[in-house]
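# Structural overview
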Amino acid sequence: MSKYKWNLEEKNKEVAVIPDFFKKENISDALARIMIRRGINSEDILIPFLHGSLNELENPFVMKGMKSAVDRILIAINKNENIVIFGDYDVDGITSTSILYRFFKNLGVNVGYYIPDRETEGYGPNVNAINNLAKKYDLLITVDCGIAATKIFKEASKDIDVIVTDHHMPPDELPDVISVIDPHQKDCEYHFSEMAGCGVAYSLCRAIYLKKFNKDYFNDIELVALGTIADVVSLTDENRIFVKEGLKRLINTENKGLKALLYETGILKENEENQKKMIRSENISFIIAPRLNAAGRINHAKIGVELLTSTNDCEAKELAKKLCEINSERQKIEREIYGYAQDIVKKKDLSKEKTIVIAGENWHPGVIGIVASRLLDTYNKPSFVISIKDGVGKGSCRSIPGFNIYEALKAHSDILLQFGGHKMAAGFSIKEENIKLFEERMIKYTNEKITDEDCIPILEIEENISLNEITLDFIRSLDILEPFGCDNPKPLFLSKEILVNKTRRIGNENKHFKFSTFNNKEEIEGVFWNYENNSFCNQGQLIDVVYEPEIHNWYGEHVQLNCKDIEISYESTLNRDILVKIYNSLRKCNIRYLNENKLVEFIFEDVNYSINKIIIKLGLKVFVELGILSIFYKKYELFYKFNFFNKKFNLEDSETYKKYNNC
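Residues numbered from 1 in each chain as written. Predicted model: local features only at pLDDT ≥ 70, side-chain atom pairs only at ≥ 80, totals over all residues. Heavy atoms only, no water.

### Things to note about empty space enclosed by the protein
Across all of its chains, the model carries two cavities of 30 Å³ or more by this definition. Space inside the second largest cavity adds up to approximately 40 Å³. Lining the second largest cavity we find Tyr-123, Gly-124, Pro-125, Gly-146, Ala-148, Ala-149 and Gln-418. Of the residues contributing to the lining of the second largest cavity, the split by class is four nonpolar, three polar and no charged. (1 Å grid on protein atoms, 1.4 Å probe; cavity = no way out; pocket = protein on both sides within 12 Å on 5 of 7 lines; lining within 4 Å. Points joined across faces, edges and corners; volume = space filled by probe spheres on them. Nonpolar A, V, L, I, M, F, W, Y, C, P; charged D, E, K, R; others polar.)

Next comes the structure, spelled out in structure tokens:
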């Protein structure tokens, strides 16, 4: 039944001894085991993980290109020159633009910003835009883009100086501009290269402030956190510091636009004790980021920048409301195009192809990246989605771990007009007549690079754990690992041989599946979201389940399992044949009184280990209900007494039998 490969063996190495430094930080042994498996295995690593602060960020001038960039910007400030920020239309680009714009505004600089229209201009700098900006501005600073625009800058006006700040992979030939700041440059000595574009933009602000005022700059960390989470970069090292500090500040943010969006989405609520609320990275990923992204996808990203740079409460509220409305429209368009995409994919023979390449006329280019992500989630194969208009295809692609999609595009750059991105996500443009050739080449390329096993999605399981250990306190202790994201995922656990007590379908169109089981004799529920499989499991079966443990607030706090995958570990439960075997074993037991554990062990051995111990306990409960066994307690231990009868019993008289009999 499982659709995933469960990767437990490597991560579940025995941790024999918990070092004392964990105890100094009041970290439980259970949590310490998780941290050790994640490489947090020394005090030198643990302390920064727990207590890393903005004061520990590296000197931004170590980053290649920073000194020359700051020198040119300070000249512009001193000469009262006009500066323009050239951004991108995703959340990283919107936050990067907003961070730099707010910084310059606070310094009294003559500053503007420009974000290209996704549909008419596409990604990154273009010659027409630069030439027009050169008529008004003296200095152009790119954020979250520009590293791949070498040819564009060669052809554009030389009446405007250019500084490139970016975090995408640099091409072989860098832009010939005043300065290029990108931590991925080969000879950049900055120790951490995985920050998002907003992290690079913020580092530039720090450097300018250090040079001008001889002190560090710690404003707008909320925006750095927002862009970092949304761009799905590694939440380790300095990115962890950005996000952890930024999430703390969100509750009391002074950014009027961000505050308005938090209230409009319901993350914060009027007349509630918001101070006690914990805003998590998932609130950003699934609620805030999609709304900001929606502006750049189907409207214009400048709405997002207007929101995050607004200084007026009323304006901020209106913009926040508008973004939510745009996002609803984006969802509608996305569903429609995904339906078309699925129709195309179903006609392909994916058993012979390790990739998905599809194209459609006039598909909205703002949602093809989401459609590619959804295809990837469904089929776990690199997915390329292309929107064709006026003879040109704009493509977006997403990849599986172990397959570098940027390198795949680079290998076929001779038939592409433009491309750029990361190893897991990228974009490109291509002439319509080359799309078929691109598909043929990419199928051949991926078939050579990817195995069948690579196409099976992997669940990285933290630990095989008894469900009895999943308590409210244990779940709360996992908050120490926050913020969760890339390279620091939310822990997944495996619990085996869980008895299914009840099952039901929930939600609109019964899309979700819920079951209940027991944890320390308390009933808890597990939920599979958006699963349409009608035969997950049945009442009375024993299952192995992989899940994220959560605290569900509904008439009090309860443990809930956010389930990811399931396997049936024991198919048959409480049929007549099993009960006959248990009964025959009982008759062999010469001891009239026996405690539960010893009796279960006796029966387990007597049936040659063929019946699960949980099923044996259910069988004993059936016999108690039928009067064959009596129970009593002695010093808090449960004992069974065998009652001898010479009559037949009707199994249907047992409520437990009727509940768990699947035959």
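### Topic: the nonpolar core
The nonpolar side chains of a soluble globular protein tend to be buried with one another. By size, the foremost hydrophobic cluster in this structure holds 97 residues, and its most contacted members are Ile-73, Phe-104, Ile-141, Leu-204, Leu-292 and Leu-375. Element by element, the count of residues in this core is highest for helix H14 (residues 313-345), at 11 residues. Summarising the domain contributions, this core has at least three residues from each of domain 2 (60-323) and domain 3 (348-455). Listed in part, the 40 residues of the second largest apolar core include Ile-27, Leu-31, Cys-537 and Tyr-547. (Core = buried A, V, L, I, M, F, W, Y, C linked by side-chain atoms within 4.5 Å. Buried < 20%, exposed > 50% of the residue type's maximum accessible area, 1.4 Å probe, protein only. Helix = DSSP H or I, 4+ residues; strand = E, 2+ residues; numbered from the N terminus. Domains from an automatic or database assignment.)

### Structural notes on the packing of aromatic side chains
In the structure shown here, the tally under the stated rule is 23 aromatic pairs. Each ring, one from Tyr-202 and one from Phe-242, has its centre 5.6 Å from the other, and the planes form 85 degrees; the classification is edge-to-face. Of this pair, Tyr-202 sits in helix H8 (residues 197-213) while Phe-242 is found in helix H10 (residues 237-250), placing the two residues 40 residues apart along the sequence. Residue classification places Tyr-202 among the buried residues on the basis of a relative accessible area of 0%. An angle of 80 degrees between the planes, with centres 5.5 Å apart, marks the rings of Phe-384 and Phe-438 as edge-to-face. Here Phe-384 is found in strand E8 (residues 383-389), whereas its partner Phe-438 is found in helix H17 (residues 435-449), with 54 residues between them in sequence. This pair shows no difference in class: Phe-384 is buried, exactly as Phe-438 is. Within the aromatic cluster, the residues linked to one another by ring pairs are Phe-103, Phe-104, Tyr-202, Tyr-209, Phe-213, Tyr-217 and Phe-242. (Phe/Tyr/Trp six-rings, centres within 6.5 Å; stacked < 30°, edge-to-face > 60°.)

### Points about the pairing of strand E10 (residues 418-421)
With four bridges joining them, E10 and strand E11 (residues 425-431) adopt antiparallel strand pairing. Within E11, the position partnered with Gly-421 by the bridge is Ala-426. (Pairing = 2+ DSSP bridges.)

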